[in-house]
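Letter by letter, the chains look like this.
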Amino acid sequence: MEVKIGVQNVAREITIDTTLDSEAVEAAVAAALADGGVLSLTDAKGRRVVVPGTTLAYVDISTSVSGTVGFRS
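Quick caveat, the model's predicted, so the values are computed rather than measured.

Any chance you could explain the sheet that holds strand β2 (residues 14–17) here in plain terms?
The strands that make up a sheet are held in pairs by hydrogen bonds between backbone atoms, and each pair lies either parallel or antiparallel. Judged by pairing direction, the sheet is antiparallel, and its three strands sit side by side in the order β2-β1-β5 without closing on themselves. Bordering the open sheet on either side are β2 and β5 (56–62), each of which pairs with just one other strand. Taken pair by pair, the neighbouring strands of this sheet meet at an average axis angle of 15°, ignoring direction. In this sheet, β5 lies alongside strand β1 (residues 2–7) in antiparallel orientation, the contact comprising six bridges. In the sheet register, Val 3 faces β5, and the bridge partner there is Ile 61.

This is how it looks when you write it as structure tokens:
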């Protein structure tokens, strides 16, 4: 699952490939917005991204992962 996070006053968006489903990502975003906490997501390689909920501009949840290159066996 590819998630793109826009942060206020930052030109670049954060892109993360997570193993969570869309409902789990949406719940994490809603919780971060509701209590003013942080949005914390971990990608497929174990990298953790933490964004303050008060600075979220948008979150784009997509099922397709673009830019993957590989060989089929």
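Can you help me understand the side chain of Thr 18 in this one?
For Thr 18, the position within the fold is in the loop between β2 and α1 (22–35). According to the relative accessible area criterion, Thr 18 is buried, its value standing at 3%. A polar contact of 3.3 Å, which involves the side chain of Thr 18, links it to the backbone nitrogen of Leu 20. Polar contacts involving the side chain of Thr 18 include one to the main-chain carbonyl oxygen of Thr 42, which spans 3.0 Å. Sequence-distant contacts of Thr 18, defined by excluding residues within four places in its chain, comprise Met 1, Val 3, Val 25, Thr 42, Asp 43 and Ala 44.

Conventions used here
Residues numbered from 1 in each chain as written. Predicted model: local features only at pLDDT ≥ 70, side-chain atom pairs only at ≥ 80, totals over all residues. Heavy atoms only, no water. Pairing = 2+ DSSP bridges. Helix = DSSP H or I, 4+ residues; strand = E, 2+ residues; numbered from the N terminus. Axes fitted to C-alpha atoms, helices over the stretch in contact; angles between N-to-C directions. Buried < 20%, exposed > 50% of the residue type's maximum accessible area, 1.4 Å probe, protein only. Polar contact = N/O pair within 3.5 Å; in protein donor to acceptor, adjacent residues only side chain to side chain. Contact = heavy atoms within 4.5 Å.

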